[in-house]
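Structural description and commentary
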Amino acid sequence: MFSRLDACSFVANVYDEGNTLSIVTDSHFHGTHVAGIATANHPGEHLLNGVAPGAQIISCKIGDSRLDSMETGTGLTRALIAALEHKCDLINMSYAEPSLLPDYGRFIDLVTEAVNKQRLVFVSCAGNNGPALTTVAAPGGTTSSIIGVGAYVSPAMAAGAHMVVEPPCEGLVATWSSRGPTSDGDLGVSISAPGTAVAPVPTWTLQRRMCASGTSMASPSACGAIALLLSALKAQGIQVSPYSVRRAIENSSESVGDLPEDKLSIGQGLIQVDKAYEYLKQFQECPSVFYQIKVNLSGKSSPTSRGIYLREATDCRQSTEWTIKVEPKFHEGASNLKDIVPFEECIELASTDEGVVRVPKYLLLTHNGRSFDVVVDPTNLSNGVHYFEVYGVNCKTPERGPVFRIPVTIIKPITVTHQPPVISFPQMSFIAGHLERRYVEVPRGATWVEASIRTSGFDTTRQFFIETLQLCPLQRPIKWVNLETFSSPSSKSFSFPVVGGQTMELAVAQLWFSGLGSHEPTIVDFEIAFHGIDVDKEELILDGSEAPVKIEAEALLASEKLVPTAVLNKIRVPYRPVDAKLKTLSTSRDRLPSGKQILALTLTYKFKLEDGAEVKPHIPLLNNRIYDNKFESQFYMISDANKRVYATGDVYPEATKLPKGEYILQLYLRHENVQLLEKLKQLVLFIERNLAEKEAIRLNFYSEPDGCVTGNGAFKSSVLIPGKKEAFYVSQPMKDKLPKNAPQGSVLLGDISHGKLSFVDKEGKNPKDNPVSYQISYVVPPNKTEEEKGKFSAPTSAKSVLERMEEEIRDRKIKFLGSLKQETEEERSEWKKLCGCLKSEYPKYTPLLAKILEGLLSRSDAEDKINHHEKVIDAANEVIDSIDTDELARFLPLKHDPDDEDAENLKKKMEMTRDQLAEALYQKGLAMVTIENLKAEKEEEEESGGRKDLFEENFKELMKWVDVKSSKFGKLSVLREKRLSRLGIALKVLEEMIQSENEPPKKELYEMKLKLLEELGWSHLVAYEKQWMLVRFPTSSPLF
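Residues numbered from 1 in each chain as written. Predicted model: local features only at pLDDT ≥ 70, side-chain atom pairs only at ≥ 80, totals over all residues. Heavy atoms only, no water.

Turning our attention to the overall build of the chain. Scanning the chain from N- to C-terminus turns up 23 helices and 48 strands. Dimensions along the principal axes, computed over C-alpha positions, put the chain at roughly 110 × 75 × 60 Å. Restricting to contacts in the chain with at least 6 residues of sequence separation, those with at least 24 account for 74%. Put simply, the chain shows about 50900 Å² of open surface, and 50% of that area lies on carbon and sulfur atoms. Across the chain, 122 positive and 140 negative side-chain charges occur, with their mean positions spaced 2 Å apart. (Helix = DSSP H or I, 4+ residues; strand = E, 2+ residues; numbered from the N terminus. Contact = heavy atoms within 4.5 Å. Areas by Shrake-Rupley, 256 points an atom, 1.4 Å probe, with all protein chains shown as cover. Lys, Arg positive; Asp, Glu negative; His and termini not counted. Charge placed at Lys NZ, Arg CZ, Asp CG, Glu CD.)

Structure follows, in structure tokens:
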């Protein structure tokens, strides 16, 4: 460990032939706790042992400490590679995330390859997103090659681990455990295991063990049990296959629950180690085959699913025919002659209910696979959820049980017939752990629900988990969740958005530990009222023109008040990479088992903040997908010019407060396919920031198409009557209201809502406060061109065309002078010659002299430093002498009419002249101090006495024009105090400059601070600041 004070253990790894040192520490107690459940070994206290105390483990950290232990694609891939390198037999992974597509993604592909080729058994948690159906998470609950584990609570566990007053009389599924099926019909949960454990935790928690719950705890419990199986099989010399192991634990599990649909929660049952071992011994000679299932609606080639899932009302109004293809898959290395050619199985097909799911009687299955048809007739089923299975049994070994199963889940929703559309579920009775599900076909035209729950008939406090869920194509489940606590009988109201025409599941559960010890059931009355305003444009895009956008609104269910409100409160600025580096990663930890080396693409973006802001990167192609993504990394770092990292992120970017300044964002993408990475070299990234409240733009609504111009016909509200549409216009934002730093192509984002809650009198000014809101975006149009700006300017100057042409030529020459390089002696000579020519052509012209001073300051490699700084002083003097300071002083305090363009132009010119004067005085002062420091001989010190007077004179002149303690000119104030031997005051001025900086720190200022502290002899502060210098100004950027 690092020290006894922190008690934090670490592991050091060396990569890249000694060039990379990796120090790995905990980011959470989770990993130790999970490992302890599976493999803890206490020789003196056997009751504290894990499930498989003799197992050997390797620990692979996938949770990144920079992301609060969130897993990353890089961590996942490297962990899998490490497990295969170390010849692991099985993996437990107690991580899970929501997924857009099941059984899809880069990591899923790698795991499936490892299972099929390396015979790896992969176990993972199903997720903690229950109790609604179709809440299993990736990868455990959505991947065919992974054994997904749900969480079970036994009476003994409730008494021992949770210390409840009175444990439940029988075991049950944890309320929060995710349920199947997957969106493509697979079961989702393979098996279940204990979901709570008291297990070891790291020393830094200052305790030995801790109680924790979750499918994260159930997964290592199952994994430990499988480890016992594998150990016994190896001792018997029986070859291990993940296919046969999975079939054994599923077919020998202890079923839980009385209803077929309980399998959607518990899987095939609770794992039974002894029975699974006997199963594997008995059928060790049977071929190790994975039966891949592909299901299609007859006549359609896509989509292809892994089960049959009928959820919508239209699915249940008639019979449907499905084509099921079964393809046997052998492990890599299987012999064509010994394994594949002889494979032939006569499968007896059956259904758990022939009245609903009809199947052929037999299937002759060979290596090439075979298809058969299934007819599903849900028309006579009652409302609710129904679960069936089509399964195949080998006719020669029927005692093996099913060799494959095809889940059939049918949800038959209630149709709302009342007008207005209200549905009630009265007198539902709950005890601890009880769950009620109701399925409702959301009426078309409904966009939100107003619901109420009323409880009665109980004594002690009750907690209820309420969840609704709808499925839409190529979307994550649309969920609404709420945890309500009732200390006494009462009622509560709430609202949530819905999608019309789609089945909604309502799951109400009394938490399994709530109300234990009380024998009084809770009576619940639940009422749902559907409301809706149907609009022809949900997500609204304003194109940046002056034309308003028309919206048509209609209430299909009942009368609704139409009260539109829209606010733009975010801005996204697009950026393309300024650099793209593609390289092959060299270390073994980035080499796949196939021998392919992973490649990395690092994209570099640059952006600038004029003011401090809270920003968030947004990558539309990649964000919010970790497992269901074909790229294995999307890690980013935001750093300043000092290489100091301000923010890191991955799949779920978070907003970070940044001071004003220039920043670099590096995005790190990985894949083995160079063609895929090549396509992303110009990947567009957005920097999103919230607008300040005063910058937010509230849009106006009109009943006339010209209302946004004339100001007439403002639209405030209306009452929508069913069957009658109404329309209104949304105005584009006024161009003068756009936030500053909104370049062309930026997108302003916000929300628009159309309705209000019936039980709330006040109209919400923020669309998010209303029952349902939609995204609205505005594309920032091009700025006015210089020519367009000139069209509306005041009458042109009295100068002739020839005079204006000469001024234009002069300014172009000065601009060209500023573009010249001075890297070689020849280039400097040419630059000097051109300066002489221009000075003779435009004598005493301040902008030219300021540009010459700027060119001299750009030379940092002058060999004769004293001579160089004397030239800087001479150039600064030329700038100062070219300015009539008396005229400048008379003009600047005057106030001018902002509508007088000539006066405004003159004001800008004078302000620029003042800035040039201040810069010349400032640079002259710096040069004077530098010369003094460079001259060390006594006779030169005497000569510098005159310079001190000149320095003071120069400094006092600068004080007339600017704040000499500001961040721009404060350095000269510090040097002045040092020259006067007032080191304390110099340190105070410098510290004020550092503290007032609302931008990334400047290394020069901190170096000055260190020198002052050294001169003061404050060694303890010198040591402290030197350590912080490494943090503020890293020598290199951190690795990804």
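This part is about the packing of aromatic side chains. The geometry of an aromatic ring pair is captured by two quantities: the separation of the ring centres and the angle between the planes. Overall, the coordinates contain 22 aromatic pairs when judged by the stated rule. When the ring of Phe635 is compared with that of Phe1040, the centres are 6.3 Å apart and the planes differ by 85°; the resulting orientation is edge-to-face. Within this pair, whereas Phe635 is found in strand β38 (residues 634–640), its partner Phe1040 is found in the segment after α23 (1019–1032), the two being separated by 405 residues in sequence. Look at Phe635 and you get buried, because its relative accessible area is 3%. The class for Phe1040 is partly exposed, based on a relative accessible area of 24%. When the ring of Phe715 is compared with that of Phe728, the centres are 5.2 Å apart and the planes differ by 15°; the resulting orientation is stacked. On the criterion of sequence distance, the pair formed by Phe715 in the loop between α11 (707–710) and β45 (718–720) and Phe728 in strand β46 (residues 726–730) is long-range, its members being 13 residues apart. Like Phe728, Phe715 is buried. By the ring-pair criterion, three or more aromatic residues cluster together here, those being Trp480, Phe494, Phe496 and Phe526. Directly above the aromatic system of Phe486 lies the positively charged group of Lys492, at a separation of 4.9 Å from the ring centroid. (Phe/Tyr/Trp six-rings, centres within 6.5 Å; stacked < 30°, edge-to-face > 60°. Buried < 20%, exposed > 50% of the residue type's maximum accessible area, 1.4 Å probe, protein only. Lys NZ or Arg CZ within 6 Å of the ring centre and 35° of its normal.)

Now for the packing of helix α16 (residues 865–881) against helix α18 (residues 901–934). Axis separation between α16 and α18 bottoms out at 9 Å; the angle between their running directions is 155°. Judged by the inter-axis angle, α16 sits roughly antiparallel to α18. Considering how the two elements wind past one another, α16 and α18 form a crossing that is left-handed. Together, Lys865, Ile866, His869, Glu870, Val872, Ile873, Ala876, Asn877, Val879 and Ile880 of α16 and Gln916, Leu917, Ala920, Leu921, Gln923, Lys924, Ala927, Met928, Thr930, Ile931 and Leu934 of α18 make up the contact between the two elements. Classifying every residue of the contact of α16 with α18 by side-chain character gives 13 nonpolar, five polar and three charged. (Axes fitted to C-alpha atoms, helices over the stretch in contact; angles between N-to-C directions. Parallel < 35°, antiparallel > 145°, perpendicular 65-115°, else oblique. Left-handed = near helix turned anticlockwise from the far one by under 90°. Nonpolar A, V, L, I, M, F, W, Y, C, P; charged D, E, K, R; others polar.)

On the surface, a cluster of negative charge is made up of Glu823, Asp861, Glu863 and Asp864. Take Asp861: it is sitting in the loop between α15 (846–857) and α16. (Patch = residues over 30% accessible without salt bridge, like charges linked within 9 Å, V, L, I, M, F, W, Y side chains within 5 Å. Salt bridge = Lys/Arg side-chain N within 4 Å of Asp/Glu carboxyl O.)

On to the sheet that holds strand β14 (residues 320–330). With antiparallel pairing, the four strands of this open sheet are ordered in space as β12-β14-β18-β16. Two strands bound the open sheet, and with one partner strand each, they are β12 (289–297) and β16 (357–358). Where β12 lies against β14, nine bridges are found, and the strand directions are antiparallel. Bridging from a neighbouring strand, Val295 pairs with Ile324 of β14. Together, β12 and β14 form the strand contacts of helix α6 (residues 242–251), whose direction differs from that of β12 by roughly 75°. (Pairing = 2+ DSSP bridges.)

Summed over all chains, the structure comprises 54 salt bridges. One salt bridge in this structure joins Glu441 and Arg317, with 3.5 Å as the shortest N-O distance. A residue pair is termed long-range when its members are at least 10 positions apart, and Glu441 in strand β23 (residues 435–441) and Arg317 in the loop between β13 (308–310) and β14 qualify at 124 residues. With a closest N to O distance of 2.9 Å, Glu467 and Lys479 form a salt bridge. Note that Glu467 is positioned in strand β25 (residues 462–470) and Lys479 in strand β26 (residues 478–486), a separation of twelve residues in sequence.

Under the definition given, this model contains three cavities of 30 Å³ or more. When its volume is computed, the largest cavity comes out at roughly 50 Å³. Every residue lining the largest cavity is listed: Gly73, Leu76, Thr77, Arg106, Phe107, Ile626, Asn629, Phe631 and Glu632. Those elements giving two or more residues to the lining of the largest cavity turn out to be α2 (73–85) and α3 (106–118). With three residues, α2 is the largest single contributor of residues to the lining of the largest cavity. When the residues that make up the lining of the largest cavity are grouped by side-chain class, the tally is four nonpolar, three polar and two charged. For the second largest cavity, the calculated volume is near 40 Å³. Looking at the lining of the second largest cavity, its residues break down into three nonpolar, three polar and three charged. (1 Å grid on protein atoms, 1.4 Å probe; cavity = no way out; pocket = protein on both sides within 12 Å on 5 of 7 lines; lining within 4 Å. Points joined across faces, edges and corners; volume = space filled by probe spheres on them.)

With that settled, consider unusual backbone geometry. Cis geometry marks the peptide bond from Gly130 to Pro131; its omega dihedral reads 15°. By the secondary structure assignment, Pro131 is in the loop between β6 (121–125) and β7 (147–153). With omega at 0°, the peptide bond leading from Ala138 into Pro139 counts as cis. Its location among the elements puts Pro139 in the loop between β6 and β7. Positive phi, close to 60°, is recorded for Leu206, a residue that is not glycine. Position of Leu206 among the secondary structure elements: in the loop between β10 (196–200) and β11 (209–213).

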